Structures are given as structure tokens and as C-alpha cells.
Amino acid sequence: MASLVSSPFTLSNSKIERLSSVSQKRYLLHSFLPKKPTKSSSRKFKCTAIGNGLFTQTTQEVRRIVPDNLRGLPTVKVVYVVLEAQYQSSVTAAVQTLNKNGEFASFQVVGYLVEELRDANTYKTFCEDLEDANIFIGSLIFVEELALKVKSAVEKERDRLDAVLVFPSMPEVMRLNKLGSFSMSQLGQSKSPFFQLFKKNKKSSAGFADSMLKLVRTLPKVLKYLPSDKAQDARLYILSLQFWLGGSPDNLVNFLKMISGSYVPALKGVKIEYSDPVLYLDTGVWHPLAPCMYDDVKEYLNWYATRRDTNEKLKSANAPVVGLVLQRSHIVTGDESHYVAVIMELEARGAKVIPIFAGGLDFSGPVERYFIDPITKEPMVNSVVSLTGFALVGGPARQDHPRAVEALMKLNVPYLVAVPLVFQTTEEWLNSTLGVHPIQVALQVALPELDGGMEPIVFSGRDPRTGKSHALHRRVEQLCTRAIKWGELKRKPKTDKKLAITVFSFPPDKGNVGTAAYLNVFASIYSVLKDLKADGYNVEGLPETAEALIEDIIHDKEAQFNSPNLNVAYKMGVREYQSLTTYADALEENWGKPPGNLNSDGENLLVYGKRYGNIFIGVQPTFGYEGDPMRLLFSKSASPHHGFAAYYSYVEKIFEADAVLHFGTHGSLEFMPGKQVGMSDACFPDSLIGNIPNVYYYAANNPSEATIAKRRSYANTISYLTPPAENAGLYKGLKQLGELIASYQSLKDSGRGPQIVSSIISTARQCNLDKDVDLPDDGAEISAKERDSVVGKVYSKIMEIESRLLPCGLHVIGEPPSAMEAIATLVNIAALDRPEEGISALPSILAQTVGRDIEDVYRGSDKGVLKDVELLRQITEASRGAVTAFVEKTVNKKGQVVDVSDKLTSFLGFGVNEPWIQYLSTTKFYGADRQKLRVSFKFLGDCLKLVVADNELGSLKQALEGKYVEPGPGGDPIRNPKVLPTGKNIHALDPQAIPTTAALQSAKVVVDRLLERQKADNGGKYPETVALVLWGTDNIKTYGESLAQVMWMIGVRPVADGLGRVNKVEIVSLEELGRPRVDVVVNCSGVFRDLFINQVLVRSY
């Protein structure tokens, strides 16, 4: 019978004293970086994204144990494959214990990290090791291409192997399980109760793992009393899972005894005694100095209050409280030194710590159970840091982000997700310009961002020899300080909080101060400050208008020196600058001795801006030289100049900001030289932002660069609405052309037709349309059919020009769009088919009314068929008119959209009362399908609610109050209305989820149209090669449509794995494709390369 204990840990007094002294004295335990960069190590990195396993240079040989003295005993060979290396030390210790005792067998063992199997030589060695192995063990194998490699290798030897044990992994690998008569080869298909358990939680691998944990508790007790061999084999499998999850050397000793004694033929008849597994709490609270694990947070806090190794300040009710999320496997295997370092550092900085853990992959339950007071429902922590490096629900397997967001919204505190190095050693990370390697970025950075996670700070490394984790203490200091700072925002009164608002000046010239994409910056700042002032913040001396605010900052009479129109907020002497800026010496190689020429008067460094009470509005220094503003962008060896560094030193250490608000898209902090993801303290974005919580207003349609700001400058990126796009319209000669074409349509059968066509041709030449449309010579005789063709082509071109979308003005934070802006947005939303939601595009519905397919109309219009061009114009006008009639029902006298929900409810679904029906009844489309229209306008109604919802100011205040900001996707709100409402913590998307099925369908249409046009232009021949650029932002907006275009050109389609991730493609037959394959020359942008490494490496099967 398995014994359940709280914890196996017994600490000696010497260890308690040693850990306590760390928490009191705050000295560094270990560091891989010099305190000051020297010239020999001055930020020169090499990329090591090559070699063994592509993403790691570790080798299985460090995990290979060959017994020295066989003593004539049978040899049992064990091969294991795991995701992380935390089991390495426990397995090694267990095997060494067994070999030392030498009672019944000699054990040979070799272990592989799953990422190492990418390397061909390593994989070959793995296959060779399996050829004479007795036992195979696999755990947490969730990367499909590697799972298939493991499956292929193990399948060949499965029948010969004495035992195959696979713990939570992809179904393909789980089916390899074999223990006597017990097998999982029918996993997901068998109707037996045992297998039904695994099918219940198909939607969530986290639920799957938690179901297995429940099995651990109950099933062995039942199976023990069943007589069949199959039941006993199933019982031993569950006991094996208990041993494995227990993870300690003792548990693994007994695990190997049980499996080898039960299934290795050479040991048949040998009596091998083993102890039952020691079980640990599935979830609980753990502290390295506590006598046990706690199942009740109140008991843990009672113990905390009785500690003798801490001062009273730490026990005080006023001490900041930081919650930590840990993996139980690291604790039970003894690979917890990096956790200990974080706990000790937080306590040394005066923060109380509540470290919780879970044995499965779902941490949402423990978060709610241990961090939220069950009575008051208020959070018991001020901020939370996950040290797992994985998504809150599902870990490296299938994630459940809505469940995670639900739990974190209940908790409502800042949520940071730090990164332990898993697939790299510390040296590989330090020497790499990439920083954290792309596969790890996908698993441990991109996926937690979907939960609302921030600040991917690398806090621990891995020893390549022992596999053990170790703290990177300079990084741990940064992580802990920032976690406390975020928590302080929840505790500090609003009247005392200091906020530094940073505006940008790019290109570097005074006329560009306060610029940002699609944003009226100073009007927005004024709106924000008025709201903050009303909310209790100290905004003393705020001018009466936004214009006066501009005058204060840009045209202050006291401003002088090099930028005569900018107000100087602070003059920083060279000595003060050097004492405040610890990395100042590292800037001298590029910029010489301070103060330099930029943001300087020759003696002092100048900080531009103006202070209003506890609010400082500062101008971020220029990116580079005025004559060469892009200097730093393309130079990896460059650095920020002294003026740039002085600005952030002022904000953090003189103004003492509690938070910085970077205002608009975008500044240059996040683009400073350093690693791409996973900053070291030698990286300039990390050095510049220091310890200040960073809130960043970012355009909702630019998630790719927002992701850079999030990962490199630790920003909580809050989305703002981009202005709606409106049709460009026609003017001057183009407008005259439109009038002439209208005259031709009504008079073409009269004698004036040829004369009007002559005027159309002449006017088209004046408008330079002859460069786009083939026009006959002036005075040439043309037939009536040719006249129609010429007019149709000109008409098509001006329709194309008229329908081009242009942004309407600039957005102001806190101001929802007007009715006219809402109409422009909804017209564009209505123009797209959404088959996955059963919604037809409005133009498609209208075209069907007159017996046409909208795709045929588009094609005819493109070719200049006059009747199709005119029909498309009528469809476009009718679509806009129907949407306008719809929106006007929700508008008040001031032209604002109000009470959307109430007003929509009053007419949605009531036939003749529906405003779009009333409008269309006056057009040729009066017979449009009412049910399809109702579905479409119901969707548009939901979109309208999102368009006018305004949470941009609310989310900013939440962030400044130390609360959780709900995450949401960035991208194009036309294609993906889920981007709305704005004011969300903007994220990109799961890099393994694209291209989606909808993206592939859209890509097929685009590619087929393109190739048809190319074929027509090339004398009936398809192009052999097409060049295409893959942009990060475009693929995020469209969920991989550009990538899908590449795939469809060459004739392949994406294939999702069992967890819904796209990591491979299959070839489409030429019969299905209906044309030759087209070669594609692809140029990837840097952002696409960094965000979508899986797609760069995708391969066919």
C-alpha cells in the first residue's frame, strides 16, 4: 500500500542557517556574468543555434551509466527520453545505488532529452541503444515531429523490449505502452472503463494528466484484488506512474526494482523486494525551510509567522506578498536550487512568499485555491511569478487559455512568467545572439503570453554535465525586484504614485515630438491625465487644453541649448550620470566619454520633458544621429548613446517612477541591441528599463512589434484602436471620369455614345490611367463592343481607386468611434465570408439575389466587363446603405452610438422591422435571403458592441493599480473582430496554430486568382517561380494566410497533429491541384523568423 506523506524533506540546522543567512545578507550565490563588462567580453556574441540537436549541444553521454563491475549478475539496460533534465540526477543516483548494492542485477542506463533527437547522429545512437535495451521510459513528449521519431524507433523494438513505459505524452507515443499483458495500443478506441478515462478529457491534455493523477490515488487499490494478469499489469503501470511522479532517488530505486523483477526474463524467479511508492501532495504550498508540504495555505502562513530565521518586518501584515508557481517534479527530484534562490532573494528584499506547486499540468486550480482568500475572495498576494516557464493550463501539451484567463482574472494581480533554460545550457544561452532558442520561445514565451503572462526573464540555467538547474543570480535579482515593483502598484496610494509618460521623437526632429502610429498623442495624453486626476492621482498644474500641454513641453520659453523648442526638465552632471548608470562604461566604445553630443549642452546630459505633480511627461531621446536616425537599428555591436541612458536613469532613480507609460507605436527602447528573446544583464533593453514596471500603449493592428516590446522591454502592452478605414473616393479628373461613364451607360445606344467614349479616353489619359489600362489611339474607330470593353476597363480601374481603404484621422485614447466611423468598420467586416461561423458576406448575399456568384462578379469586374463593374458598384452601395440603416438605429442626436444592446434587441429578428430589410426593399436586391441577412446582421450587431466599447483608459488604470489586464489577440479587427474591444494586453498567437483552415481557404482564392491573371498575361502559361515576402504582422493578422499562399502555390496543405498544432504538411496531388506546382522564393522578415520558427522548419510526411 502506498504511503501518503506531506514531504520527505528534513533539513539540517546547518542548511537552515545557510539559507537564512542568504535571505538576510543578500550576497550573490553564483553568477555567470561579470559585474562590469570588460573589453574582452564587451557584448560580442556568437550564435550557437546549430550543432547537436539543432537547439542544444548537450549529449546523452553525460547521462550514460555503465556498471564498472558486473559481478556475474544479469545486466538490465534502461533507455529514457524526457522533456527536461530534472530527472537526470535522480535516475543517476538511483542506478548508482542499485549498482553499489549489487543484489540481483547490474543496471546500465542512458537518457536523452527529446530535443537532442533532432540531431541525426544522436537519433542514430538512440536507435542503437534501443536494440539491446530491456526497458524504455518516456515522459512529456509533446513535440510532434520528435514524438514521431520516438514512436518510429521504439515501435521496431517494442515486441522485443521487456517493458515500455510512457507517461503523459502525445497519444502516438502513449500507445507504445507495454507491460506484460497491459497495452495502450488501442488508446482512444477501447471501450474498457480504463481507456474511457483517457478519452474523457480529450480537449485538454492538462485534464488528461490530472485524470492520471487521480488514477494514481485510487486504481491500484482496486486492481490489487482483481485476479487477472491484465489487471495486475495495469496496477503495476499505475504504480510505475506513482514512482515516476514521486521522482526522488528512493522512489526510482523501487521503481526499477519492481519493473525489472516483474518483466525482465533474466530475473524471473528472483525475489526482489521493493517498497511502495512514497506519494506527495498533488497540489500544495512548499518552502525550502518548512518542515513539510502544506495542503492548507492558512497552515503555511501560521508556520511562516513562527519562523525564527526572519525579521519581524517580513512577518508583518504590511509586507508585500509574492506568489510563486512551481513544478512539483523539480521539488521531488531535488532539482530545486533555482526555486530556492528566488524564494531567498524575494525574502531578502522584504517580500513574503507563497510558493505553490502542482503535480499535473493544470495550475489554475492551485492558483485559485492558495492565492485567493476563500472568505473575502480577495487576492492574498500582490503579484504572481510562474517559475514553470509554461502555460498555466496544459504546460507543454494542449493548452486551455480561456481557463487560465478565467483563473487569473479572479486573482486580478500582475502575472509574470519567468523562463528556466530547458533546451539550452547556460553557456549556450550566454553565447547566443538569439538568447532563448526559438523552440523554447514557442513553448515557454509565446504560449504563456496567451494567458496574459509578462516579463520572460531567464532566471535559471542548466549544467550540461549533471542536468541540474542553477540560479542565474543577476537575473534572479532583476526578476524579484520587478515582481515586487509590480506588486507595489497594488499597495501604494494613488496620490503617491509617480508615473513617467514617455513620448517619442522619430525621425529625430522637433517637428516629430509626440508621434505614434494612428494616434493623436497629446490629445490622448491629455485625456488620460484628466481621467487620472479625477481618479485621485496628483496631476498638479495640468494645462486647460491639449494644445496648452503641447506648448508646455515643446515650446516652453525656458527651453534652450541644442533643441531650442523642447523644455529641459533636468540637467544631469557627468559624475551623477556615471554613478546612476552602472553600464555607462559600455557605451563609450561607440559614443566616447560622456556627455557626448546628443541630449547634451557640452557639460550636462539633458532630460527633456515637463513635470505635473507626480506625472512626468518626457521625450525619449533620439534613436541615433539626426542625420542617421537608423544607425542603431542595423548595428548589433552598437549601443544607446549617453543621453538615452541618462533619460532612463533619471526616470528610475531621480524622478523615482513607480511605472513608465510608453505612449503609442512605437519607441526605440525595445529595439536596442541585445539578445532577441531572453535578455541577459548585458542586453541594453534590460539595462535601460531597469526595475520600472513598463506599460505600453500599442496599436491593436501591430501585434508583431508589440510582441518585441513585450519580450525585450518587459512591457504590459495595452492595445488602442486604429482609426477605421474608409474608401478613398474620387476627386478632380477621376470624379469627372466617373460622371462621363455614368453618362455613357444611359446614352450609349444613342448617337452620342462614340463621342462620350472619346471624352472618357482623353480624360483617362489626363489622369495617367493609360499606364494601367490599354487605351485605343485618339480618333481611332472602334466598334460598340470595343467601346463597352474600354469603358469597362476604365470603370474597373476607377472603382478600384475609389474603394481603396484609407485610415480616417487619428485615434484619441478614451474616445469611442463615432457612428460614421463605426459604419466604415462594419462595412468592411460585412464584406468577408466567415464559413467557420456560418456567416455569409453581405456582398455575396446580394449577388445571389440577382442570380450571380460574387466571385464571378469580382472576376468580371477585374477584366473590365462593364455590366459586372456596374453590378459591383451597386452591390457595394447597397451594402453600405444597409449597414448605415442598421447603425443609425443606435445613434443619438450627437451622432454617437449608444445603448447598443437595448436597441439591437428591439429589432433583431422581427422581419419587416429590420432596418436593413427596409433599406434593401428600395433597391434591386429586395429579394435577398432574409435568414442569411439576419445571421449576418446579428454578427454585425455583436461587432458593433465591440467597436464602440472603450476599455483603453480602464485597462491602463488597472495596470497602474497592480491588477491583471485581460489578454487579447492583436491583428486586423476587420478579419478578426475578437481583437475588439481594445484595451487588452495584446499578444500574438500560438505559433503552432497557423495557418488555420480559414486562412488556407482564403489563400486558395488569392493564389488561384493570381495564377489566373499571370496565365492570362503570359500567353496561357503558368509562372514557374513566384517571389513572396512573409511578414510577421500580416501572418498574425490573417492567421497565416500568406504562409498558406506559399503552401498552395507549391501544392501542399498543412496537417494538424493530435493536439491541433501545425508542424507538418502533406502533398496535394496534381489531379486535385489542377495545375503545375509553382516554385516560391520566400523572403522571411526578422519578426516572422523569430515568431514562427516551427513554420520555417515545417516538413512533409
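Located above this text is the structure these notes cover.
Residues numbered from 1 in each chain as written. Predicted model: local features only at pLDDT ≥ 70, side-chain atom pairs only at ≥ 80, totals over all residues. Heavy atoms only, no water.

### A few points about the nonpolar core
Nonpolar side chains in soluble globular proteins tend to end up buried together. We count it as follows: Here, nonpolar core means buried Ala, Val, Leu, Ile, Met, Phe, Trp, Tyr and Cys residues that are tied together by side-chain atoms lying within 4.5 Å of each other. Only protein chains enter the calculation, and the probe is 1.4 Å; a residue is then buried if its accessible area is under 20% of its type maximum, exposed if over 50%, and partly exposed in between.
Grouped together as the largest cluster of nonpolar side chains are 164 residues, with contacts concentrated most on L324, L387, I525, F663 and Y697. Counting 80 residues, the second largest nonpolar core, distinct from the first, contains A147, V164, M258 and V264.

### Section: the side chain of E347
Test applied: Helix and strand labels come from DSSP, where a helix needs a run of H or I of at least four residues and a strand needs a run of E of at least two; each type is numbered from the N terminus. Any pair of nitrogen or oxygen atoms within 3.5 Å is treated as a polar contact; in protein, a donor-acceptor pairing is required on top of that, and neighbouring residues in sequence qualify only through side-chain atoms on both sides.
Topologically, E347 is positioned in helix 13 (residues 337-348). Overall, the relative accessible area of 5% leaves E347 in the buried class. Polar contacts involving the side chain of E347 include one to the side chain of R307, which spans 2.8 Å.

### Structural notes on the packing of helix 37 (residues 997-1017) against helix 39 (residues 1041-1050)
Going by this rule: Where helices are involved, their axes are fitted lines through C-alpha atoms of the stretch in contact, as for all axes, and angles between N-to-C directions lie from 0 to 180°. Angle categories are assigned with fixed cut-offs, so that under 35 degrees is roughly parallel, over 145 is roughly antiparallel, 65 to 115 is roughly perpendicular, and the rest are oblique. Note on convention: the crossing is left-handed when the near helix lies turned anticlockwise from the far helix by less than a right angle, right-handed when the turn is clockwise. By definition in these notes, contact holds between two residues if any of their heavy atoms fall within 4.5 Å. In this classification, the charged set is Asp, Glu, Lys and Arg, the nonpolar set is Ala, Val, Leu, Ile, Met, Phe, Trp, Tyr, Cys and Pro, and all remaining amino acids, among them Gly, are polar.
Viewed as axis vectors pointing N to C, helix 37 and helix 39 meet at an angle of 55°, and their least axial separation amounts to 8 Å. Compared by their axis directions, helix 37 and helix 39 come out oblique. You can see that helix 37 and helix 39 cross each other, and the crossing is right-handed. Here helix 37 contributes A999, L1000, S1002, A1003, K1004, V1006, V1007, D1008 and L1010 to the contact with helix 39, which in turn contributes E1041, A1044, Q1045, W1048 and M1049. The residue inventory of the contact of helix 37 with helix 39, partitioned by class, reads 9 nonpolar, 2 polar and 3 charged.

### A word on the sheet that holds strand 5 (residues 163-166)
Basically, it comes down to this: Only when DSSP finds a minimum of two bridges between them are two strands counted as paired.
Pairing is mixed in the open sheet, where 6 strands are placed in the order 3-2-4-5-6-7. Sheet topology places strand 3 (106-113) and strand 7 (182-183) at the edges, where each strand pairs with a single neighbour. Bridge analysis of strand 2 (residues 75-82) against strand 3 gives 8 bridges, and the strand direction is parallel. Each residue of the ladder has a partner; that of V82, found in strand 3, is L113.

### Considerations on the packing of aromatic side chains
Any pair of aromatic rings gets described here by the distance separating the centres and the angle formed by the planes. What counts, and what does not: The pairing test for Phe, Tyr and Trp rings, Trp by its six-membered ring, is centres within 6.5 Å, and the orientation test on the planes gives stacked under 30 degrees, edge-to-face over 60, and tilted for anything in between. The criterion for a charge sitting over a ring is simple: Lys NZ or Arg CZ within 6 Å of the ring centre, and within 35 degrees of the ring normal.
Summed over the entire model, instances satisfying the criterion amount to 28 aromatic pairs. Arranged with centres 6.2 Å apart and planes meeting at 40°, the rings of Y123 and F126 form a pair that is tilted. Here the residue Y123 and the residue F126 both occupy positions in helix 3 (residues 120-131), the gap between them amounting to 3 residues, near one helical turn. Overall, the relative accessible area of 0% leaves F126 in the buried class. Taken together, the ring pairs connect Y87, F167, F182, Y237, F243, W244 and F255 into an aromatic cluster. Directly above the ring of Y123 sits K149, whose terminal nitrogen or CZ lies 4.9 Å from the centroid. Above the ring of W429, the side-chain terminus of K675 is found at 5.6 Å from the ring centroid.

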